[in-house]
Amino acid sequence: MTSLTGDSYPPVLEDARELERLVQTIKDWTIAHGLAVRPPPTNPGDEEGVLATGAPVTLFPSPFPRSCFEEAKAVQTQYNELYARISRDEEFLGQLVKQVAGGDDFIDNLWKVHLRVKEEGYVQSLTLGLFRSDYMVHQDGDKLQIKQVEFNTIASSFGGLSSRTSLLHKHLAKTEYPFLSNPIPPSSLDLPENRSTEGLAAGLAAAYHAYGKSALGHPTCVLFLVQDGERNVFDQRHLEYAVQQAPGPNADLIPVFRLPFSQILTHTTLATSSPRRELLYHPPHNPSLTFEVAVAYLRAGYGPGDYPTPAAWDARYQLERSNAITCPSVLTQLAGMKKVQQVLATPEGSGDDDDPIPSALRRFLPSPADAAALAAIRKTFTNIYPLDGSPAGLLARAIATDPARCVRYVMKPQREGGGNNVYKSAIPARLAAIPPEHWGSYILMELITPPPAVNTILRGNGKVEQGGVICELGVYGTCLWNRETGEVVRNEEAGYLLRTKGDQSEEGGVAAGYGCMDSVRLV
Ligand code: ADP
Ligand code: MG
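The shown structure was predicted, so the numbers you read here are calculated from the model rather than taken from an experiment.

**Observations regarding the site of ligand 1**
Taken together, 21 residues lie near ligand 1, and Lys-338, Lys-412, Gly-418, Tyr-423 and Glu-472 sit nearest. In the model, a nitrogen atom of ligand 1 is placed 2.8 Å from a nitrogen or oxygen of the Ile-448 main chain. Relative to its unbound accessible area of 540 Å², ligand 1 is 95% covered by the protein chains. Listing elements by their share of the shell around ligand 1, those giving two or more residues are strand 6 (143-152), strand 14 (409-412) and strand 16 (443-446). The residue makeup of the shell around ligand 1, split by class, is 7 nonpolar, 4 polar and 10 charged.

Take a look at the structure:
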């Protein structure tokens with residue numbers, strides 16, 4: 001494999017003074033511009049939780065192939081619409097839920113929330129998706145091609161910090177890199193614009209305006225449902241500030257509130273006097289106020305940890321059955337199951353080996369007008385297999401239990417948020433510990449192998465790490481659609497995220513401490 005830029009970029013700073021200068025500049029810029037996270041709660045001397053620390057970042061924007069970047073951006077609106085269609089296909093999702101729910105209570109419980117609401121009838125027909133499609137560059141001989149890692153349909157994070165990371169690197173390109181002992185002229189760096197904060201905020205604002213005025217005469221608001229003790233709070237705050245300032249039909253500020261997911265039932269109620277089940281928010285800081293929630297934006301509720309008691313499921317049910325536009329709905333969250341991605345990517349039927357037909361993809365993109373989207377989306381797939389008793393599943397079981405072949409794969413459960421996957425040689429032992437009738441709750445995915453790259457990472461604790469890195473590109477998208485008619489009201493690509501991790505690390509999450517923020521230098 002060849003690297004993307006040869007040996008000269010990004011530079012490895014040999015002179016300690018040069019490295020120190022750049023590190024100090026970044027430490028100050030990140031805090032001055034809110035490219036920050038809360039430190040771990042164990043931090044001594046921060047009992048009141050007042051400290052912020054710079055988010056981990058690369059010292060230089062990583063080289064990224066232009067064609068791959070443009071392809072990932074261009075396919076986003078097609079992906080948005082695909083996932084809007086999947087979210088509306090209850091029969092399809094129900095079948096997949098049935099296949100994984102035996103070994104997965106969390107997915108089963110989500111499905112039950114949907115069934116309960118369906119029985120009484122949904123009152124809100126609009127759904128909002130703030131999506132992020134994640135990719136790595138796969139090198140196959142000389143050919144570079146983006147391959148999708150996963151598609152996120154809930155709590156897609158880092159949009160608020162990502163646009164700032166692009167600004168950081170643009171700042172350094174002007175003020176620091178030209179003055180290194182091996183100067184990098186600004187004109188040699190193609191750093192694309194990244195409007196992820198504004199893009200995601202525009203999606204939330206559009207849904208807010210589409211909700212319209214309260215029939216009950218209350219002011220309307222956007223409600224962020226968040227986790228207790230969230231360390232990635234500034235990422236969310238940047239989004240809030242941008243929603244508050246988003247341009248709209250009138251100059252009024254959009255009221256935005258944050259509410260811990262664990263307090264939904266304490267501070268919200270459903271309007272009892274109205275058949276539309278409006279979601280009313282009573283701010284704890286001033287209970288004399290009542291807001292009607294136009295958009296309920298979930299930055300929590302994506303994993304079992306947020307549902308410690310049956311009351312937490314009642315809270316999710318309250319959101320889902322309300323008139324608020326949920327971002328996302330339960331069905332949209334379920335559309336983000338890794339099982340869905342697997343079924344879309346696994347060829348079915350009788351396509352010959354050179355041109356296998358992914359028939360589940362065709363189910364959602366059936367018409368001649370969809371042909372371009374079908375081809376573009378299909379190109380981003382890598383091999384993903386079920387681990388059930390189907391013929392494809394039996395083939396995958398043979399790979400996953402073979403110590404020699406499993407090293408090229410990752411096994412994933414139906415989970416979000418990092419830390420849940422099983423990599424390479426750890427797969428056979430993990431499978432052996434799971435009853436075979438539950439293997440169908442997992443999928444087996446071929447590992448994507450990006451070209452080698454190097455960079456220097458400044459960690460939140462101030463430590464500097466130099467060496468081989470792996471980059472993962474995420475492209476954000478916002479989509480607002482009508483669940484009944486299928487009409488897509490709004491569909492936009494919304495900026496990008498580049499996350500970079502040491503090449504010895506398998507997981508890539510920034511919040512989980514594995515990866516760091518980066519931006520793209522197009523090459
Ligand atoms: P999660 O929902 O927990 O974020 P992901 O599917 O995104 O799960 O996997 C977590 C991380 O594991 C990714 O960010 C990436 O670094 C790595 N990873 C996942 N799938 C692959 C793959 N097919 N090839 C290479 N790395 C992968
Ligand atoms: Mg991920």
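There is more to say after this.
**Focus on the side chain of Gln-148**
For Gln-148, the position within the fold is in strand 6. Of note is the side chain of Gln-148, whose polar atom sits 3.4 Å from the side chain of Tyr-79. Of note is the side chain of Gln-148, whose polar atom sits 2.8 Å from the side chain of Ser-133.

**Describing the packing of aromatic side chains**
Two measures describe an aromatic ring pair: the distance that separates the ring centres and the angle between the ring planes. Under the defined criterion, the tally for this structure stands at 19 aromatic pairs. Ring geometry for Tyr-307 against Trp-313: centres 3.9 Å apart, planes inclined by 20°, an arrangement best described as stacked. Here Tyr-307 matches Trp-313 in class, with each residue buried. In textbook terms, an aromatic cluster arises when at least three aromatic residues are bridged by ring pairs, as seen for Tyr-79, Tyr-83, Phe-131, Phe-151 and Trp-481. The residue whose ring lies beneath Arg-483 is Tyr-122, and the NZ or CZ to ring-centre distance is 3.6 Å. Here the basic side chain of Arg-521 rests over the ring of Tyr-9, its NZ or CZ set 4.4 Å away from the ring centre.

**A word on the pattern of salt bridges**
Under the definition given, this model contains 25 salt bridges. Here Arg-66 ties to Asp-190 by a salt bridge, and the two come within 2.9 Å at their closest N and O atoms. Taken together, the residues Arg-66 in helix 2 (residues 66-74) and Asp-190 in the loop between helix 6 (159-175) and helix 7 (196-211) connect sequence positions 124 residues apart. Overall, the relative accessible area of 33% leaves Arg-66 in the partly exposed class. Residue classification places Asp-190 among the partly exposed positions, given a relative accessible area of 32%. In this structure, Asp-134 engages Arg-499 in a salt bridge whose closest nitrogen and oxygen atoms are separated by 3.3 Å. In this pair, Asp-134 sits in strand 5 (residues 126-140) while Arg-499 sits in strand 19 (residues 488-502), placing the two residues 365 residues apart along the sequence.

**Brief notes about the sheet that holds strand 14**
Taken in spatial order, the 4 strands of this open sheet run 13-16-14-15, and their pairing is antiparallel. Each end of this open sheet is capped by a strand with a single partner; those strands are strand 13 (384-386) and strand 15 (422-423). In this sheet, strand 15 lies alongside strand 14 in antiparallel orientation, the contact comprising 2 bridges. The partner of Val-410 across the bridge, within strand 15, is Tyr-423. In the packing of helix 12 (residues 338-345) onto the sheet, the strands contacted are strand 13, strand 14 and strand 16, and the crossing angle to strand 13 comes to about 110°. Along the sheet, helix 15 (residues 391-400) contacts strand 13, strand 14 and strand 16; its crossing angle with strand 13, the most-contacted strand, is approximately 105°.

**Remarks on the nonpolar core**
Ranked by size, the top nonpolar core spans 84 residues in total, and within it Leu-82, Tyr-83, Ile-86 and Leu-344 carry the most contacts. With 54 residues, the next largest nonpolar core counts Leu-130, Leu-168, Tyr-211 and Ile-254 among its residues.

**A short note on the side chain of Lys-339**
Looking at the secondary structure, you find Lys-339 in helix 12. Polar side-chain contacts of Lys-339 include one of 2.7 Å to the side chain of Gln-342. Excluding anything up to four places from it in sequence, Lys-339 contacts Leu-96, Gln-99, Val-100, Pro-386, Asp-388, Gln-414, Gly-440 and Ile-443.

**Some details on the state of the cysteines**
Enumeration according to the criterion identifies 0 disulfides in this entry. Cys-471 forms no disulfide, and the closest cysteine sulfur to it belongs to Cys-516, at a distance of 8.5 Å.

**Points about helix 4 (residues 90-101)**
The terminal C-alpha atoms of helix 4 lie 15 Å apart, and with 12 residues this matches the ideal 16 Å at 1.5 Å per residue to within 8%. On its buried face, helix 4 sits against helix 3 (76-88), helix 5 (105-120), helix 11 (330-335), helix 12 and helix 13 (359-364).

**Quick look at the environment of Pro-219**
The topology assignment puts Pro-219 in the loop between helix 7 and strand 7 (220-226). Note on Pro-219: relative accessible area 41%, which makes it partly exposed. Not counting residues up to four positions away in its chain, the partners in contact with Pro-219 are Thr-290, Phe-291 and Glu-292.

**A few points about the environment of Phe-179**
Mapped onto the elements of the fold, Phe-179 is located in the loop between helix 6 and helix 7. Measuring from C-alpha to C-alpha, the distance between Phe-179 and Pro-44 comes to 38 Å, with 135 residues separating the pair along the chain.

**Brief notes about helix 10 (residues 310-321)**
With 12 residues, helix 10 extends 17 Å from end C-alpha to end C-alpha; this agrees with the ideal 16 Å at 1.5 Å per step. Of the residues making up helix 10, those classed as buried are Ala-312, Trp-313, Ala-315, Arg-316, Tyr-317, Gln-318, Leu-319 and Glu-320.

**Topic: unusual backbone geometry**
Put simply, Tyr-9 and Pro-10 share a cis peptide bond, and its omega is -10°. Omega for the bond connecting Cys-327 with Pro-328 falls within 30 degrees of zero, at 5°, which places this linkage in the cis form. Relative to the helices and strands, Pro-328 resides in the loop between strand 12 (325-327) and helix 11. With a phi angle near 50°, Arg-277 is a residue other than glycine that sits in the positive phi range. Following the sequence through the fold, Arg-277 ends up in the loop between strand 9 (268-270) and strand 10 (279-281).

**Quick notes on the environment of Thr-268**
With respect to the helices and strands, Thr-268 occurs in strand 9. For Thr-268, a relative accessible area of 2% puts it in the buried group. In sequence terms Thr-268 and Leu-279 are 11 residues apart; their C-alpha atoms lie 6.7 Å from each other. Those residues in contact with Thr-268 that sit more than four places away from it in its chain are Leu-223, Leu-259, Leu-279, Leu-280, Tyr-281, His-282 and Gln-318. From its side chain, Thr-268 meets the backbone oxygen of Ile-264 in a polar contact 2.8 Å long.

Quick notes on the rules
Residues numbered from 1 in each chain as written. Chains lettered and ligands numbered in written order. Predicted model: local features only at pLDDT ≥ 70, side-chain atom pairs only at ≥ 80, totals over all residues. Heavy atoms only, no water. Near = heavy atom within 4 Å. Polar contact = N/O pair within 3.5 Å; in protein donor to acceptor, adjacent residues only side chain to side chain. Areas by Shrake-Rupley, 256 points an atom, 1.4 Å probe, with all protein chains shown as cover. Helix = DSSP H or I, 4+ residues; strand = E, 2+ residues; numbered from the N terminus. Nonpolar A, V, L, I, M, F, W, Y, C, P; charged D, E, K, R; others polar. Phe/Tyr/Trp six-rings, centres within 6.5 Å; stacked < 30°, edge-to-face > 60°. Buried < 20%, exposed > 50% of the residue type's maximum accessible area, 1.4 Å probe, protein only. Lys NZ or Arg CZ within 6 Å of the ring centre and 35° of its normal. Salt bridge = Lys/Arg side-chain N within 4 Å of Asp/Glu carboxyl O. Pairing = 2+ DSSP bridges. Contact = heavy atoms within 4.5 Å. Axes fitted to C-alpha atoms, helices over the stretch in contact; angles between N-to-C directions. Core = buried A, V, L, I, M, F, W, Y, C linked by side-chain atoms within 4.5 Å. Disulfide = S-S within 2.5 Å. Expected span 1.5 Å × (residues − 1).

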